[in-house]
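As a plain string of letters, each chain reads:
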Amino acid sequence: MDISNKKHFLTVKDYSVSKEIFDLYYDEKLDMLITHPQPSLENLGKYYESVDYISHTDSKRSLFEKAYHFVKNIALKNKLNLINELQPGKGRILDIGAGTGDFLSVAKENGWQTIGVEPSEKAKGIAKNKGVSFVEQTSILENHSFDVISMWHVLEHVPNLDNQIKELKRLLKPNGTLIIAVPNFKSFDAKHYGKFWAAYDVPIHFWHFSKKAIQQLFGNENMKLEKVLPMKFDSFYVSLLSEKYKTGNMNFVKAFFIGLQSNWKAKHDFEYSSHIYILKNS
């Protein structure tokens, strides 16, 4: 994406893998940030090569990982309740960036027809052992074949944003539901930690969205933003990692306080650490 007419917003570091420096540029029209430079598809994989990339493992080596998986189990129940509320009759669901398959596994057990897409062979192998089915790429799937499509913290990782949104439009049934969960750079914890905010996660996060950005980007494809929901646990998780990047250790007490403060402030301005966007296809 051309950043020549974009305003420089912040210089940030890849703390988890490469230690390289990247810049964030602000797109005023869309009210979103763009990571620059963005790695090529050939080089992208190396930026995921971290033992701490927790969504690609079921590991419970530390107190932090055990806490993550405890919270994840609560989140899975909430996600299942959400899709059942949005689509009481159930149907077909596609999860893009399915990771180790926990969400699709619980959805399948609950009566959904499930399919996943996941680029990580390691994560996909774990998911297959849970009975999750995959396709290599969405292009082989039929037009308008899904009642629900979900991307849980995945859209920010997609290199070609416009193409991905068009593909989601193609795959969704008329009146189908799209669920997008992404970090929010306008949250209190993002402002508090600044260049140390873990959810910038450069360079594997190409894009950093606001509510306005989601509404405009999907509105261009005639998908209507119907509801925005908070992800309240994210402020604590992100604050823990941000403390680690800033000070060298996680500082559980301080991170908990910042996470709590972020959620409290978001009660008034609805700028949570992460949001779930519910969109309807026309």
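Every chain is numbered on its own, with residues counted from 1 as its sequence reads. For this predicted model, a pLDDT threshold of at least 70 governs which residues receive local features, and a threshold of 80 or more governs which side-chain atom pairs are given and counted, while totals over whole chains, interfaces and linings are taken from all residues. The side-chain figures draw on all heavy atoms in the structure; neither hydrogens nor water molecules are used.

J.: What is the right way to look at the pairing of strand E4 (residues 92–96) in this model?
T.: A regular strand carries its side chains on alternate faces of the sheet. Only protein chains enter the accessibility calculation, which uses a 1.4 Å probe; a residue is then buried when its area is under 20% of its type maximum, exposed when over 50%, and partly exposed in between. Counting from the N terminus, the helices are DSSP H or I runs at least four residues long and the strands are E runs at least two residues long. Summarising burial for E4: four of the five residues are buried, a large majority. Only when DSSP finds a minimum of two bridges between them are two strands counted as paired. Pairing of E4 with strand E5 (residues 113–117) involves five bridges; the strand directions are parallel. Paired with Ile96 across the strands is Val117, a residue of E5. With strands facing away from the observer, any crossover in which the path from the first strand over the helix to the second runs clockwise is taken as right-handed. The handedness of the E4 to E5 crossover, carried by helix H3 (residues 102–109), is right-handed. The pairing of E4 with strand E6 (residues 146–152) spans three bridges and is parallel. In the sheet register, Ile93 faces E6, and the bridge partner there is Val148.

J.: Just to check I follow, could you spell out the packing of helix H8 (residues 234–247) against helix H9 (residues 252–269) for this structure?
T.: Helix packing for two helices is described by the angle between their axes and how far apart those axes are. Here an axis means a line fitted to C-alpha atoms, over the contact stretch when the element is a helix, while the angle between two N-to-C directions is reported on a 0 to 180 degree scale. One way to put it is that H8 packs onto H9 with a least axis distance of 8 Å and a crossing angle of 135 degrees. On the basis of the axis angle, H8 is oblique to H9. Where H8 crosses over H9, the handedness of that crossing is right-handed. The segment H8 lies against H9, with Ser235, Phe236, Ser239, Leu240 and Glu243 engaging Phe252, Lys254, Ala255, Phe256, Ile258, Gly259, Leu260, Ser262 and Asn263. In the contact of H8 with H9, the residues fall into seven nonpolar, five polar and two charged. Roughly parallel refers to an angle under 35 degrees, roughly antiparallel to one over 145, roughly perpendicular to one between 65 and 115, and oblique to any angle outside these ranges. Handedness of each helix crossing follows the sense of rotation of the near helix against the far helix: counterclockwise by less than a right angle gives left-handed, clockwise gives right-handed. Whether two residues touch is decided by their heavy atoms; if any such pair falls within 4.5 Å, the residues are in contact. Note on residue classes: Ala, Val, Leu, Ile, Met, Phe, Trp, Tyr, Cys and Pro are nonpolar, Asp, Glu, Lys and Arg are charged, and everything else, Gly too, is polar.

J.: Just checking my understanding: could you explain unusual backbone geometry for this structure?
T.: Note: most peptide bonds trans; most residues except glycine with negative phi. For the bond from His36 to Pro37, the omega torsion is -5 degrees, close enough to zero to count as cis. Tracing the backbone through its elements, the reader meets Pro37 in the loop between strand E3 (32–36) and helix H1 (41–44). Each neighbour pair has its own omega, and for Val202 with Pro203 the value is -5 degrees, a cis peptide bond. Here Pro203 lies in the loop between helix H6 (188–193) and strand E8 (207–208).

J.: Explain the sheet that holds strand E10 (residues 274–281) here, please?
T.: Pairing within the open sheet is mixed, and its six strands lie in the order E5-E4-E6-E7-E10-E9. A single partner strand is all that each edge strand has here, and the edge strands are E5 and strand E9 (223–230). Adjacent strand axes in the sheet meet at a mean angle of 20 degrees when their direction is disregarded. Bridge count for E6 against strand E7 (residues 172–183) is six bridges, and the pairing is parallel. What sits directly across from Val148, in E7, is Thr177.

J.: Would you explain the packing of aromatic side chains in this entry?
T.: Aromatic ring pairs are reported here in terms of the distance separating the ring centres and the angle at which the planes meet. Working definition: rings of Phe, Tyr and Trp (its six-membered ring) pair if their centres are within 6.5 Å, and the pair is stacked with planes under 30 degrees apart, edge-to-face with planes over 60 apart, and tilted otherwise. For the structure shown, the criterion picks out nine aromatic pairs. Centre to centre, the rings of Phe236 and Phe256 are 5.2 Å apart; their planes meet at 20 degrees, and the pair counts as stacked. Of this pair, Phe236 sits in helix H8 while Phe256 sits in helix H9, placing them 20 residues apart in sequence. Each ring, one from Phe270 and one from Tyr272, has its centre 5.1 Å from the other, and the planes form 80 degrees; the classification is edge-to-face. On the basis of relative accessibility, which here comes to 29%, the residue Phe270 falls in the partly exposed class. An aromatic cluster is defined as three or more aromatic residues linked by ring pairs; in this entry it consists of Tyr15, Phe196 and Tyr245. By definition here, charges over rings are those cases where NZ of Lys or CZ of Arg is within 6 Å of the ring centre and within 35 degrees of the ring normal. Lying over the aromatic face of Trp152, Lys79 brings its terminal NZ or CZ to 4.4 Å of the ring centre.

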